[in-house]
Amino acid sequence: MTDDLKQIWQADAAAGGFADPATLATRSTAFERRIRRRNFIEYAAGALLLCLEGPALVMFAMLGEMLMAGAIGLMLIGTLCVLWNQYRRASSQRRRPEEDCRSHLIGQYRRQADALRTVPLWYIGPLLPGVLGVYGTVGAKAVGVQPWSEILANIGMPLGATLAFFGFVIWLNLRAAKALQRQAEELEAA
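Here the structure is a predicted model, which means the values were calculated and not measured.

The rules behind these values
Residues numbered from 1 in each chain as written. Predicted model: local features only at pLDDT ≥ 70, side-chain atom pairs only at ≥ 80, totals over all residues. Heavy atoms only, no water. Patch = residues over 30% accessible without salt bridge, like charges linked within 9 Å, V, L, I, M, F, W, Y side chains within 5 Å. Areas by Shrake-Rupley, 256 points an atom, 1.4 Å probe, with all protein chains shown as cover. Salt bridge = Lys/Arg side-chain N within 4 Å of Asp/Glu carboxyl O. Helix = DSSP H or I, 4+ residues; strand = E, 2+ residues; numbered from the N terminus. Buried < 20%, exposed > 50% of the residue type's maximum accessible area, 1.4 Å probe, protein only. Axes fitted to C-alpha atoms, helices over the stretch in contact; angles between N-to-C directions. Parallel < 35°, antiparallel > 145°, perpendicular 65-115°, else oblique. Left-handed = near helix turned anticlockwise from the far one by under 90°. Contact = heavy atoms within 4.5 Å. Nonpolar A, V, L, I, M, F, W, Y, C, P; charged D, E, K, R; others polar. Phe/Tyr/Trp six-rings, centres within 6.5 Å; stacked < 30°, edge-to-face > 60°.

Undergrad: Run through a nonpolar patch on the surface, naming residues and quoting values.
TA: Together, F165, F168, W171 and L172 line one region of the surface with nonpolar side chains, adding up to about 420 Å² of accessible area. Position of L172 among the secondary structure elements: in helix α7 (residues 148-189). With a relative accessible area of 35%, L172 lands in the partly exposed category.

Below, the structure is given as structure tokens:
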């Protein structure tokens, strides 16, 4: 009789959905490592862009190409904004001693989901003025030298590819945000 009660009690405990704190801590740590790795790659890419944009800005300014220098300047400022936003919006949430592992992990999922959901505003948005400025400057320089059909063909394809790439980045981030939101809801319901 006592074995039956023990089995029923153990079955009830399993059905209750209690999460093992060690499992939650492992998931949280792995997720935080993933966030750090992603951010490191983003910071490295941003540093590379800054190393290219700075000299390009100086070069175009020295050549007297102020429109292109301005567009490159906008790209440089946009890159700095993206890096700052990456730090401010998409870094790991700091652990608080009073917070349990489960609440911390749910908070991490929600913070990252919010960051990914708003990528069009803080990641793509700051880059657009500079990118459009470069394409616009190239187009403005070609006016009067080439027919409009050639200008649109020469600029339209790369601009379209760039905008399609931005759209793809937005789509990937929105998809990832939904997955993280779902994980947070599942963990909250457990």
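After that view of the structure, there is still more to cover.
Undergrad: I'd like a rundown of the pattern of salt bridges, residues and numbers included.
TA: Pairing is possible between side chains that carry opposite charge, provided their charged atoms lie close to one another. Under the definition given, this model contains 4 salt bridges. One salt bridge in this structure joins K141 and E65, with 3.0 Å as the shortest N-O distance. Of this pair, K141 sits in helix α6 (residues 128-142) while E65 sits in the loop between α2 (21-62) and α3 (66-90), and the two are 76 residues apart along the sequence. Its relative accessible area of 28% is what places E65 among the partly exposed residues.

Undergrad: Give a description of the packing of α3 against α6 that names residues and reports values.
TA: For the pair α3 and α6, interaxial distance at closest approach is 7 Å and the crossing angle is 160°. Classed by the angle they form, the pair α3 and α6 counts as roughly antiparallel. Between α3 and α6 lies a crossing whose hand is left-handed. Residue-level contacts link L67, M68, A71, I72, L74 and M75 of α3 to P129, G130, V131, G133, V134, T137 and V138 of α6. Counted by class, the contact of α3 with α6 contains 10 nonpolar, 3 polar and no charged residues.

Undergrad: Explain the packing of α6 against α7 to me, using residue names and the numbers behind them.
TA: One way to put it is that α6 packs onto α7 with a least axis distance of 10 Å and a crossing angle of 170°. The pairing of α6 with α7 is recorded here as roughly antiparallel in orientation. Only I151, I155, P158, L159, T162, L163 and F166 of α7 make contact with α6, whose side of the interface consists of L128, V131, L132, Y135, V138, G139 and A142. Split by residue class, the contact of α6 with α7 holds 12 nonpolar, 2 polar and no charged.

Undergrad: How would you summarise the packing of aromatic side chains if you had to cite specific residues and measurements?
TA: Inspection of every chain in the model, using the stated rule, returns 5 aromatic pairs. Ring geometry for F31 and Y109: centres 4.9 Å apart, planes at 75°, overall edge-to-face. A residue pair is termed long-range when its members are at least 10 positions apart, and F31 in helix α2 and Y109 in helix α4 (residues 101-117) qualify at 78 residues. Of the two residues, F31 and Y109, both sit in the buried class. Judged by centre distance (5.7 Å) and plane angle (85°), the ring pair of W122 and Y123 falls under edge-to-face.

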